[in-house]
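# Chain and residue survey
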Amino acid sequence: GSDKYSDYKNDAFIFGENLSNVAIRGEGTIDGVNCINTIGEEGFRGPHCIRFLNCKNLSFNGFTITRSANWAFNFRGSSFAKVDKVTILGGHDGLHTRFCNDFTVSNCDFRTGDDAYAGNDNRNFLITDSKINTSCNGFRMGCLGLTVKRCHFWGPGEAVHKISARKNMLSAFVHFSPDDDSPKLESGNWLIEDCTIENVDQVYVYNYLNGLWQTGQPVTSVQFKNIKATGILVAFNVIGDTTCKFNLGVKNSSFSFREGFDYSNTEFEGIKKFAPALINAANFDRINLQKVSLSKLINTPILNCKSGNEVTLKCVNFTSANQSAPYTFENVKKIRKVKIKHNNTTK
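Computed from a prediction, not measured in an experiment: that's the story for all the values here.

About the cut-offs
- Residues numbered from 1 in each chain as written.
- Predicted model: local features only at pLDDT ≥ 70, side-chain atom pairs only at ≥ 80, totals over all residues.
- Heavy atoms only, no water.
- Pairing = 2+ DSSP bridges.
- Helix = DSSP H or I, 4+ residues; strand = E, 2+ residues; numbered from the N terminus.
- Phe/Tyr/Trp six-rings, centres within 6.5 Å; stacked < 30°, edge-to-face > 60°.
- Buried < 20%, exposed > 50% of the residue type's maximum accessible area, 1.4 Å probe, protein only.
- Lys NZ or Arg CZ within 6 Å of the ring centre and 35° of its normal.
- Patch = residues over 30% accessible without salt bridge, like charges linked within 9 Å, V, L, I, M, F, W, Y side chains within 5 Å.
- Areas by Shrake-Rupley, 256 points an atom, 1.4 Å probe, with all protein chains shown as cover.
- Salt bridge = Lys/Arg side-chain N within 4 Å of Asp/Glu carboxyl O.
- Lys, Arg positive; Asp, Glu negative; His and termini not counted.
- Charge placed at Lys NZ, Arg CZ, Asp CG, Glu CD.

### Considering the pairing of strand E25 (residues 279-295)
Note that strand E21 (residues 234-239) and E25 share four bridges and pair parallel. Each residue of the ladder has a partner; that of Phe236, found in E25, is Ile279. As defined by bridge partners, strand E22 (residues 247-257) adjoins E25 across nine bridges and the pair is classed as parallel. When the sheet's bridge partners are listed, Lys251 is paired in E25 with Gln290. As paired elements, E25 and strand E26 (residues 303-319) share 14 bridges and run parallel to each other. Each bridged residue has a counterpart across the sheet, and for Leu289 the counterpart in E26 is Leu313.

Written out as structure tokens, the structure reads:
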């Protein structure tokens, strides 16, 4: 690409609108050369690499995008796209989709400076067998019907987050539904399965009360199965809507704290973490943990739930420095506990 923003049209290196049956196939590299636009977002962001509006039946296969001056993929109002064996190195957001449906991503390797996957009001997304490394969020996503399987998340980011000059990976998943984009869809029917997560600050974040870009539409249901998360600071931080639509299921999974790290004064997107627990949840319908291990060597509870309808703990193993109950419940209508272990002692 050119290093002069004036050489680009439609704010993109490759642009398409109202197209059908389009393919870009490798092998090869598309280099955005970090083209700077001094009046662009954040005072430097230049053109997107690949930008498609209102398109369908798209295929991208086998190539690398490097040094994208803005988002590597920018899709809006597009449908039926396949992304396979694509690598993204550096730049900003990797795959950013808004008001899109029926996307399949497989065998990809995204190592981005900003969110690896992002967007809102999406429907029916499948991401499998891929690598995700970023200095921001793995998924900053609003989607009805998201499945992520056999993916590896790890931090810190290999590419710096340019505006903040940091490299820590903030979260694997965070809700995204910005008011200013007039979102229509509630986000839900998520399945995250057979994934490993290493040295990521938080596994899942949802703050409908005052989270950044999270207050447009609420979340309904999220499931995590067969997850191994190590070196994390928080597993789940949830503040749902006041009608308590949110449902969380976690099964056959383990979450262990990044011992030795002091995060008591840190913030996530302007909001201070409201408890040192691994799981914090408020304003929810149901939380169901089955065959789950939670490990953090602190003297306070590592599971805090309040203002919810039902919590089920079945075959949950807590490891902590606290000899009293490793959990607290406040204004939870129904609590079920079966075969709970705390420091290898059955409760």
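### A short note on the packing of aromatic side chains
Summed over the entire model, instances satisfying the criterion amount to 27 aromatic pairs. Between Tyr206 and Tyr208 the ring centres are 6.3 Å apart and the planes differ by 50 degrees, which places this aromatic pair in the tilted class. On the basis of relative accessible area, Tyr206 is assigned to the buried category, the value being 0%. Geometry around Phe257 places Lys296 over its ring, the cationic atom sitting 4.2 Å from the centre.

### Considering the environment of Ile340
Mapped onto the elements of the fold, Ile340 is located in the loop between strand E27 (327-338) and strand E28 (341-342). Classification of Ile340 as buried rests on a relative accessible area of 2%. Ile340 sits 315 residues away from Arg25 along the chain, and the two C-alpha atoms are 52 Å apart.

### Observations concerning a positive patch on the surface
A cluster of basic residues, Lys251, Lys291, Lys314 and Lys339, forms a positive patch on the protein surface. By secondary structure assignment, the location of Lys251 is in strand E22.

### Topic: the pattern of salt bridges
Inspection of every chain in the model, using the stated rule, returns 16 salt bridges. One salt bridge connects Asp114 with Arg45, and the closest N-O pair in it is separated by 2.9 Å. In this pair, Asp114 sits in the loop between strand E12 (109-112) and strand E13 (117-128) while Arg45 sits in the loop between strand E3 (29-31) and strand E4 (48-53), placing the two residues 69 residues apart along the sequence. Arg45 shares its class with Asp114; the two are buried.

### What about unusual backbone geometry?
Looking along the chain, the bond that leaves Gly26 and enters Glu27 is cis, with omega of 15 degrees. For Glu27, the position within the fold is in the loop between strand E2 (20-25) and E3. Geometrically, the link from Gly155 to Pro156 is a cis peptide bond, its omega value of -5 degrees lying close to zero. Take Pro156: it is sitting in the loop between strand E16 (152-154) and strand E17 (171-175). In the Ramachandran plot, Lys85 falls in the positive-phi region, its phi being about 55 degrees despite a non-glycine side chain.

These figures come from the coordinates and say nothing about function on their own.
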